[in-house]
Amino acid sequence: MSKVYLTGAGPGDIELLTIKALRIIQEADVIIYDRLANPEILKKAKNGCEFIYVGKEDGRHIMPQDDINEVIYKSSLKYENVVRLKGGDPFVFGRGGEEALYLFKREVEFEIIPGITSAISVPAYAGIPVTHRGISKSFRVVTGHEASNRNFSSIDWDELKSDETIVFLMGLHNLDKISNKLIGIGKGENYPVAVISKGTTKEQQVIVGTLANISLKAKNIPTPALIVVGKVVELRDSLKWFL
Ligand code: SAH
């Protein structure tokens, strides 16, 4: 009987892989993976494990999702332990839900192995807590990738008016548009923003700026990168502990 493990790989630092994910990876007959923040994880697999790359760059699929679903399904017909490995957490902008639904419809058994999402851990490695008493009572994780929708009309910008922390994933290439939209809904030009690239790895870079200057400051930063908007960004001055 075959089983598919929709598994979170964590944000980059290999030690942020869960013990469960590590065990599942060690037992895998096949690992179907995206561009991972830490490819070293694949070295944990047993000898003879097959690797299938179904890469995704910055949210843009190289292989269409339907084909990825099929690859996973076909693997389940061939192998007992199928691992679908995804950066961060599989259910946070990971399309893990879609893949699980596809398997459900085909009556393939599956398990979800949650991972540490970049949305929280990458700010943490930059010394930025997503909530902080007296500063931000909530946080929101938003996709900054709206290629099919040039005006971002699918994002309810008015909802972003409060002082809660906003983490944009897949938004680096739209940083300019995002900052302008936020200024447009009334956040000040000096409102704090951080862009964090390759978070939790040795190559982590953190650029701190304001809505007015961040897109210039973060211009040449490499992906993967996320954007944190909110007053919590200022805590980095005191809480920077990594890079
Ligand atoms: N499921 C993933 C997110 C997938 S969307 C998770 O839970 O983390 C991919 C986006 O995540 C990237 O475009 C980037 O915005 C962010 N991201 C993932 N790993 C990152 C890292 N190490 N540093 C900065 N951003 C990262």
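Residues numbered from 1 in each chain as written. Predicted model: local features only at pLDDT ≥ 70, side-chain atom pairs only at ≥ 80, totals over all residues. Heavy atoms only, no water.

### With respect to the packing of helix 2 (residues 65-78) against helix 3 (residues 96-105)
Alright, step 1. Axis separation between helix 2 and helix 3 bottoms out at 10 Å; the angle between their running directions is 50°. In terms of axis orientation, helix 2 runs oblique to helix 3. Crossing geometry of helix 2 relative to helix 3 is assigned as right-handed. Contacts between helix 2 and helix 3 involve Q65, I68, N69, E70, I72 and Y73 from the former and E98, E99, Y102 and L103 from the latter.
Alright, step 2. A class-by-class count of the residues in the contact of helix 2 with helix 3 yields five nonpolar, two polar and three charged. (Axes fitted to C-alpha atoms, helices over the stretch in contact; angles between N-to-C directions. Helix = DSSP H or I, 4+ residues; strand = E, 2+ residues; numbered from the N terminus. Parallel < 35°, antiparallel > 145°, perpendicular 65-115°, else oblique. Left-handed = near helix turned anticlockwise from the far one by under 90°. Contact = heavy atoms within 4.5 Å. Nonpolar A, V, L, I, M, F, W, Y, C, P; charged D, E, K, R; others polar.)

### Quick look at the site of the ligand
Alright, step 1. Taken together, the neighbourhood of the ligand is formed by 18 residues, with D89, V92, T117, S118 and A225 sitting nearest.
Alright, step 2. P11 places a polar main-chain atom, nitrogen or oxygen, 2.9 Å from a nitrogen atom of the ligand.
Alright, step 3. For the ligand, an oxygen atom lies 2.7 Å from a polar atom in the side chain of S118.
Alright, step 4. When the ligand sits alone it has 550 Å² of accessible area, and the protein chains cover 91% of it.
Alright, step 5. Elements represented by at least two residues in the shell around the ligand include exactly helix 4 (118-125) and strand 12 (225-229).
Alright, step 6. Across the shell around the ligand, the residue classes tally to 10 nonpolar, five polar and three charged.
Alright, step 7. A domain split of the shell around the ligand shows at least three residues from each of domain 1 (3-113) and domain 2 (118-239). (Near = heavy atom within 4 Å. Polar contact = N/O pair within 3.5 Å; in protein donor to acceptor, adjacent residues only side chain to side chain. Areas by Shrake-Rupley, 256 points an atom, 1.4 Å probe, with all protein chains shown as cover. Domains from an automatic or database assignment.)

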